[in-house]
Amino acid sequence: MAVKDDILQVMKKNGKPMSAGEVEKALGVDRKEIDKAFKELKAEGAISSPVRCKWEPAQQ
C-alpha cells in the first residue's frame, strides 16, 4: 500500500513524532486514508507512539 510507505517516509524525513493531522497536511491525503494506514501500521508494529497522539517509525 503506497499510503503506508508515504507515511513512513514523511515520518523519517520529519525526524520527530507526528500526529495524523500533521501527516495529512504533509501528504495531502484524506484523513480517513491516513487513519486506516495508521491502524495497519500499528498492527504491523511499524510505528510506535512515544508521546500521546504522536507517532514515529518503530525502532527496528
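Provided above is the structure to which this section pertains.
Treat the numbers as computed from the prediction; the structure is a model and nothing was measured.

(A) Main features of the overall build of the protein. For the protein, the helix and strand inventory stands at three helices and two strands. In sequence order, the secondary structure elements of the protein are arranged as α-α-α-β-β. Relative to its length of 60 residues, the protein is compact, with a C-alpha radius of gyration of 10 Å against a globular reference of 10 Å. Viewed in the frame of its principal axes, the protein has a C-alpha envelope of about 25 × 20 × 20 Å. Residues counted as buried form 32% of the 60 residues belonging to the protein. Partitioning the intrachain contacts of the protein with sequence separation of at least 6 by distance along the chain shows that 45% fall at a separation of at least 24. Split by element, the accessible area of the protein, about 4100 Å² in all, is 48% carbon and sulfur. Across the protein, 12 positive and 10 negative side-chain charges occur, with their mean positions spaced 5 Å apart.

(B) Molecular detail of the pairing of strand S2 (residues 54-57). Bridging between strand S1 (residues 47-51) and S2 involves three bridges; their strand directions are antiparallel. In the sheet register, Val51 faces S2, and the bridge partner there is Lys54.

(C) Broad picture of the pattern of salt bridges. Here the structure, examined in full by the defined rule, presents four salt bridges. Among the salt bridges present, the one from Glu44 reaches Lys4, with a minimum N-O distance of 2.5 Å. Taken together, the residues Glu44 in helix H3 (residues 31-44) and Lys4 in helix H1 (residues 2-14) connect sequence positions 40 residues apart. In this structure, the salt-bridge partner of Glu22 is Lys54, at a minimum N-O distance of 3.3 Å. Linking Glu22 in helix H2 (residues 20-27) with Lys54 in strand S2, this pair joins segments that are 32 residues apart in sequence. A network of salt bridges, in which partner residues are shared, links Lys4, Glu40 and Glu44.

(D) Broad picture of the nonpolar core. Ile7, Met11, Val23, Ile34, Phe38, Leu41 and Ile47 are the most contacted members of the largest nonpolar core, which totals 15 residues. Of all elements in the fold, only H1, H2 and H3 reach the threshold of two or more residues within this core. No other element matches the five residues that H1 contributes to this core. Those residues within four positions of Phe38 in sequence are excluded, and the remaining contacts are Ile7, Met11, Ala20, Val23, Ile47 and Trp55.

The rules behind these values
Residues numbered from 1 in each chain as written. Predicted model: local features only at pLDDT ≥ 70, side-chain atom pairs only at ≥ 80, totals over all residues. Heavy atoms only, no water. Helix = DSSP H or I, 4+ residues; strand = E, 2+ residues; numbered from the N terminus. Rg over C-alpha atoms; globule rule 2.2 N^0.38 Å. Buried < 20%, exposed > 50% of the residue type's maximum accessible area, 1.4 Å probe, protein only. Contact = heavy atoms within 4.5 Å. Areas by Shrake-Rupley, 256 points an atom, 1.4 Å probe, with all protein chains shown as cover. Lys, Arg positive; Asp, Glu negative; His and termini not counted. Charge placed at Lys NZ, Arg CZ, Asp CG, Glu CD. Pairing = 2+ DSSP bridges. Salt bridge = Lys/Arg side-chain N within 4 Å of Asp/Glu carboxyl O. Core = buried A, V, L, I, M, F, W, Y, C linked by side-chain atoms within 4.5 Å.

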